[in-house]
Amino acid sequence: MNQQQQQLGDGRRHDDDAVLAEFLSSLMDYTPTIPDELVEHFLGKSGFHSPDVRLIRLVAVATQKFVADVASDALQHCKARSAAVVKDKKDKQAKDKRLVLTMEDLSRALREYGVNVKHQEYFADSPSTGMDPASREE
C-alpha cells in the first residue's frame, strides 16, 4: 500500500510540474500591467536579481493581484461608509451617488493584509487641517 501511495504521489508531482512549466511558459506571452523594468528596479533595491523574465513577470502578476485585492476591499469599505451616511441623509445623497475613496478606507483595507498606514496631518481628512498649531486640541 505504501508503494501505491508513492506512485500516486509521483504522478501528482509530475502533473504539478507540468502545470507549473506550462504556466511559466505562458508568462512569456503575457504583458503585465506593472512594467518589467519597475519590478526589476524594486527587486534590485531589495537585493534580488534574476535574469529570468518569467520570474519578473510572476512577481508582477502577484503584485497586480495584491493591488487589485486591496482596491476591491477599499471599495467595499467605501460603500459601507457611504451606506451609513445615506441612512442619515436620504434626500441629499439620493442625488449624488459618487463614491469617494478616502485614506481611511484604504488604511482599513491594508490593515486586513497586515500593512499599517499612518498618514501625516497635512491630509485634507484631518480634523485639524488648516488650524494654527497653538489652537489645536490634542
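In case you missed it, the structure is sitting above this.
Here the structure is a predicted model, which is why all the values come from computation and not from measurement. (Residues numbered from 1 in each chain as written. Predicted model: local features only at pLDDT ≥ 70, side-chain atom pairs only at ≥ 80, totals over all residues. Heavy atoms only, no water.)

**Q** Please explain the overall build of the protein as it appears in this structure.
**A** A tally of regular secondary structure across the protein gives five helices and zero strands. Traced from its N-terminal end to its C-terminal end, the protein shows the element sequence α-α-α-α-α. Within the protein, the fraction of its 138 residues that count as buried is 15%. Accessible area of the protein: about 11,100 Å², with a carbon and sulfur share of 55%. (Helix = DSSP H or I, 4+ residues; strand = E, 2+ residues; numbered from the N terminus. Buried < 20%, exposed > 50% of the residue type's maximum accessible area, 1.4 Å probe, protein only. Areas by Shrake-Rupley, 256 points an atom, 1.4 Å probe, with all protein chains shown as cover.)

**Q** I keep staring at the packing of aromatic side chains and nothing clicks. Help me out?
**A** Where two aromatic rings form a pair, the distance of their centres and the angle of their planes describe that pair. A full pass over the atoms with the stated rule returns one aromatic pair. With centroids separated by 5.5 Å and ring planes inclined at 80 degrees, the aromatic side chains of Phe66 and Tyr113 adopt a geometry described as edge-to-face. Here Tyr113 lies in the segment after helix H5 (103-111) and Phe66 lies in helix H3 (residues 53-88), a separation of 47 residues in the sequence. (Phe/Tyr/Trp six-rings, centres within 6.5 Å; stacked < 30°, edge-to-face > 60°.)

**Q** What am I meant to see in helix H2 (residues 36-45) here?
**A** Owing to its 3.6 residues per turn, the α-helix aligns residues three or four sequence positions apart on the same side. Inspection of H2 places Asp36, Val39 and Leu43 among the buried residues, and these make up the whole buried set. Within H2, the buried residues cover an arc of 65 degrees as seen down the axis, which keeps them to one side. Of the exposed residues in H2, the ones pointing more than 90 degrees away from its buried face are Glu37 and Lys45. Following H2 by one or two positions, Gly47 has its phi on the positive side, about 95 degrees. (Arc of directions from axis to C-beta.)

**Q** Even after reading the chapter, I still don't get a nonpolar patch on the surface, so can you show me in this structure?
**A** Together, Phe66, Val67, Tyr113 and Val115 make up a nonpolar patch on the protein surface, roughly 320 Å² of accessible area in all. Residue classification places Phe66 among the partly exposed residues on the basis of a relative accessible area of 36%. (Patch = residues over 30% accessible without salt bridge, like charges linked within 9 Å, V, L, I, M, F, W, Y side chains within 5 Å. Salt bridge = Lys/Arg side-chain N within 4 Å of Asp/Glu carboxyl O.)

**Q** I'm lost on the nonpolar core in this one. Help?
**A** Generally speaking, nonpolar side chains in soluble globular proteins are found buried as a group. Ile34, Val39, Leu43, Ile56 and Ala60 form the largest nonpolar core, which has five residues in total. The set of elements that each furnish at least two residues to this core consists of H2 and H3. Residues within four places of Ile56 in sequence aside, it is in contact with Asp36, Val39, Glu40, Leu43 and Ser50. (Core = buried A, V, L, I, M, F, W, Y, C linked by side-chain atoms within 4.5 Å. Contact = heavy atoms within 4.5 Å.)

**Q** Would you mind showing me how to read the pattern of salt bridges here?
**A** Side chains that differ in charge, positive against negative, can pair when their charged atoms come close. In the structure shown here, the tally under the stated rule is five salt bridges. Of the charged contacts in the structure, one is a salt bridge between Arg54 and Asp52, with a shortest N-O distance of 3.2 Å. We classify Arg54 as partly exposed; its relative accessible area is 30%. Its salt-bridge partner being Arg108, residue Glu104 comes within 3.3 Å of it at the nearest N-O pair. Placement of the pair is Glu104 and Arg108 together in helix H5, with a separation of four residues, close to one helical turn.

**Q** Please explain the side chain of Asp105 as it appears in this structure.
**A** With respect to the helices and strands, Asp105 occurs in helix H5. Residue Asp105 is classed as buried on the basis of its relative accessible area of 0%. Polar contacts involving the side chain of Asp105 include one to the side chain of Arg81, which spans 2.7 Å. In this view, Asp105 contacts Ala74, His77, Cys78, Arg81 and Val100; residues no more than four positions away in its chain are not counted. (Polar contact = N/O pair within 3.5 Å; in protein donor to acceptor, adjacent residues only side chain to side chain.)

**Q** How do you make sense of the environment of Glu112 when you look at a structure like this?
**A** Turning to its location among the elements, Glu112 is positioned in the segment after H5. Judged by its relative accessible area of 52%, Glu112 is exposed. For the pair Glu112 and Val70, spaced 42 residues apart in the sequence, the C-alpha separation amounts to 8.8 Å.

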